[in-house]
Amino acid sequence: MTVTAPAPISTGTETHRRTFEHITPNWFAVVMGTGIVATAAATLPVQFPALHVFAVAVWVIAATALVAIGGAFAMHWIGHRDQAVAYARHPVMVQFYGAPPMAMLTVGAGAGLLGSDLLGSTAATALFAALWIAGTIAGLLTSVVVPYRMITAAHHRDVAALPAWLMPVVPPMVSASTGALLLPHVPDGQWRLALLCACYAMFGLSLIVGMITLTLIYGRLVHGGLPPVDAAPTVWITLGLIGQSITAANLLGTDASLVFTGAQSSIAVGLHVFGIGYGLIMGGFGVLLFALAVALTVHAARRNLGFSLTWWSFTFPVGTCVTGATALGHALDFGAVQALTVALYVLLLTAWVTVATRTLRGLRRGNLLHPA
């Protein structure tokens, strides 16, 4: 007969300490998904007072979540360093180190668009700039360090390409699109030119590496089938690159007129035209990926798709489709695209309410903080 030792009695201190044991970087997807609801609302072609108040309130929630999750993540590294290192070395979890930079950039963009109501325009712009700089530096580091670890770590070499591989690739694209919002606040002349050039460089970095990665992911899905059912929502991450790149191309193309004037105005016209052409072409590709993501999600739901933090993949990528459609619709002055923007935002809002509610329920029950 096997004798089982009694389970240790959990003290309050021990329970509190274990609260931070599994605060992994994918928790920052909560901030990303919440922040994009606010920023997308602020840029919709249809605006009314109640929507603005809602957007400001959601941005405050996102900013609060960034502080809370950032603090918890720091406690995770301080109190559970061995566990944190193990997560950082995990071939899938390490990909989500792209989430903290995007969380900072999203909240920063919200500060620029909505923060002046609460902070004043000067403080809101300063917060936007600080978060943009911090998020951009962290995102560029992630886009280099994570692939480097994947290349040099022997136990990563046999890992099949997954949608999560896009997480460390997309942050520079988010920097490019949010940098376009920051451009009008930068002094005219060389500084503004430098920021515009940096944004286009990050656009190219993220787009080229992202499309290479997307090709690997698509090939893996076609030849290897779906990832595990619980990871099926991550298929939506593929839309993040598409939507964010359309946003960046059109916002930068519109703001190019602030930099290239006079004899150089033709450059601004060319960049504006590039943004529209790119948006239309990549938008067609996005429709394909959107339909495929819906079909694969339904397929997984029929196989008992349970709730997990991967459900936040339903929010931020859809949000980038909203901002991309908004930017393209504004550049084209095309009513059909603007109507699509509103429809996508309703979908985003539905997904956010559903996922946020389930996340709060999981936190209350403790199963998200103490997974089995």
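Use the structure listed above.
### Comments concerning the overall build of the protein
- A tally of helices and strands in the protein yields 13 helices and zero strands.
- Going from N to C terminus, the protein has its helices and strands arranged as α-α-α-α-α-α-α-α-α-α-α-α-α.
- A compact globule built from 372 residues would reach a C-alpha radius of gyration of about 21 Å, and the protein, at 21 Å, matches this within 12%.
- For the C-alpha atoms alone, the extent of the protein along its principal axes is close to 90 × 50 × 40 Å.
- Taking all 372 residues of the protein together, 51% fall into the buried category.
- Considering only intrachain contacts with a sequence separation of at least 6, the fraction spanning at least 24 residues in the protein is 84%.
- When the accessible surface of the protein is split by element, carbon and sulfur atoms take 70% of a total near 17100 Å².
- Each charge class in the protein can be summarised by its mean position, and for the 14 positive and 9 negative side chains these summaries are 12 Å apart.

### Structural notes on the side chain of Thr 247
- Of note, Thr 247 is situated in helix α10 (residues 237-255).
- In this structure Thr 247 comes out as buried when scored by relative accessible area, which is 4%.

### Some words on the packing of aromatic side chains
- Enumeration over the complete set of coordinates arrives at ten aromatic pairs.
- Judged by centre distance (5.2 Å) and plane angle (75 degrees), the rings of Phe 307 and Trp 311 are edge-to-face.
- Centroid distance Trp 311 to Phe 314: 5.8 Å. Interplanar angle 65 degrees. Geometry classified as edge-to-face.
- In this structure Trp 311 comes out as buried when scored by relative accessible area, which is 11%.
- In this structure Phe 314 comes out as buried when scored by relative accessible area, which is 13%.
- Connected via pairs of aromatic rings, a cluster forms that spans Trp 236, Phe 290, Phe 307, Trp 311 and Phe 314.

### Concerning unusual backbone geometry
- Phi at Asn 304 takes a positive value of approximately 65 degrees, unusual for a residue other than glycine.
- By the secondary structure assignment, Asn 304 is in the loop between α11 (265-301) and α12 (316-332).
- Even without being glycine, Asp 333 reaches a positive phi, approximately 55 degrees.
- Inspection of the secondary structure puts Asp 333 in the loop between α12 and α13 (335-365).

### Looking at the environment of Ala 327
- With respect to the secondary-structure elements, Ala 327 resides in helix α12.
- In this structure the C-alpha to C-alpha distance between Ala 327 and Leu 205, which are 122 residues apart in sequence, comes to 21 Å.
- The contact partners of Ala 327, leaving out residues within four places of it in the chain, are Thr 247, Asn 250 and Leu 251.

### Some remarks on empty space enclosed by the protein
- Per the stated rule, a full pass over the model turns up two cavities of 30 Å³ or more.
- In terms of lining residues, the largest cavity is bounded by 16 residues, among which Ala 29, Met 32, Met 167, Ile 237 and Ser 313 are the most central.
- Grouping the amino acids of the lining of the largest cavity by side-chain chemistry returns eleven nonpolar, five polar and no charged.
- Reported here for the second largest cavity is a volume of approximately 60 Å³.
- The wall of the second largest cavity is formed by Leu 214, Ile 217, Tyr 218, Leu 221, Val 235, Thr 238, Leu 289 and Leu 292.
- When residues of the lining of the second largest cavity are traced back to their parent elements, those giving at least two are α9 (190-224) and α11.
- A per-element tally of the lining of the second largest cavity places α9 first, with four residues.
- Class assignment for the residues of the lining of the second largest cavity results in seven nonpolar, one polar and no charged.

### So, the state of the cysteines
- Applying the stated criterion across every chain, the model contains zero disulfides.
- Note on Cys 199: no disulfide assigned, nearest cysteine sulfur contributed by Cys 197 at a separation of 9.4 Å.

### A word on a nonpolar patch on the surface
- Together, Ile 133, Ile 137, Leu 141, Val 144 and Val 145 give the surface a local cluster of nonpolar side chains, amounting to about 460 Å² of exposed area.
- Topologically, Ile 133 is positioned in helix α7 (residues 121-152).

### Digging into the layout of surface pockets
- Here the largest pocket defines a volume of roughly 670 Å³.
- In terms of residue class, the lining of the largest pocket is built from 15 nonpolar, nine polar and one charged.
- By volume, the second largest pocket amounts to about 460 Å³.
- Around the second largest pocket, the lining is made up of 22 residues, and of these Thr 43, Leu 181, Thr 247, Leu 251 and Ala 327 lie nearest the centre.
- For the lining of the second largest pocket, the secondary structure elements donating two or more residues are α2 (29-43), α5 (99-114), α8 (171-182), α10 and α12.

How each quantity is defined
- Along each chain, the written sequence defines residue order, and numbers are assigned to residues from 1.
- Two thresholds apply to this predicted model, a pLDDT of at least 70 for residue-level local features and 80 or more for giving and counting side-chain atom pairs, whereas whole-chain, interface and lining totals are computed over all residues.
- Side-chain metrics in this entry use all non-hydrogen atoms of the structure; hydrogen atoms and water are not considered.
- Secondary structure elements follow DSSP: runs of H or I of four or more residues count as helices, runs of E of two or more count as strands, with numbering from the N terminus.
- Throughout, the radius of gyration refers to the C-alpha atoms, and the reference size of a globule is 2.2 Å times the residue count to the power 0.38.
- Each residue is placed in one exposure class: buried if its accessible area under a 1.4 Å probe, protein chains only, is under 20% of its type's maximum, exposed if it is over 50%, and partly exposed if it falls in between.
- Throughout, a contact is declared for two residues whenever any of their heavy atoms are within 4.5 Å.
- Accessibility throughout is a Shrake-Rupley quantity obtained with a 1.4 Å probe, and a residue counts as covered only by protein chains that appear here.
- Residues scored as charged are limited to Lys and Arg (positive) and Asp and Glu (negative), so that His and the chain ends carry no count.
- For the purpose of locating charges, the reference atoms are NZ of Lys, CZ of Arg, CG of Asp and CD of Glu.
- Only rings of Phe, Tyr and Trp enter the pairing, Trp through its six-membered ring, and a pair is recorded when the two centres are within 6.5 Å. The plane angle decides the type: under 30 degrees is stacked, over 60 is edge-to-face, the rest tilted.
- Only protein atoms enter the calculation, which uses a 1 Å grid: trapped sets of points that fit a 1.4 Å probe without letting it out are cavities, open sets showing protein on both sides within 12 Å along at least five of seven lines are pockets, and any residue with an atom within 4 Å of a point is a lining residue.
- Grid points are joined across faces, edges and corners, and a volume is the space filled by probe spheres set on the points.
- Think of it as three bins: nonpolar holds Ala, Val, Leu, Ile, Met, Phe, Trp, Tyr, Cys and Pro, charged holds Asp, Glu, Lys and Arg, and polar takes everything else, Gly as well.
- Two cysteine sulfurs form what is called a disulfide whenever their separation falls within 2.5 Å.
- The patches reported here contain residues having more than 30% relative accessible area and no salt bridge. Joining distances are 9 Å for like charges and 5 Å for nonpolar side chains (Val, Leu, Ile, Met, Phe, Trp, Tyr).
- Salt bridge, as used here: a side-chain nitrogen of Lys or Arg that lies within 4 Å of a carboxyl oxygen of Asp or Glu.

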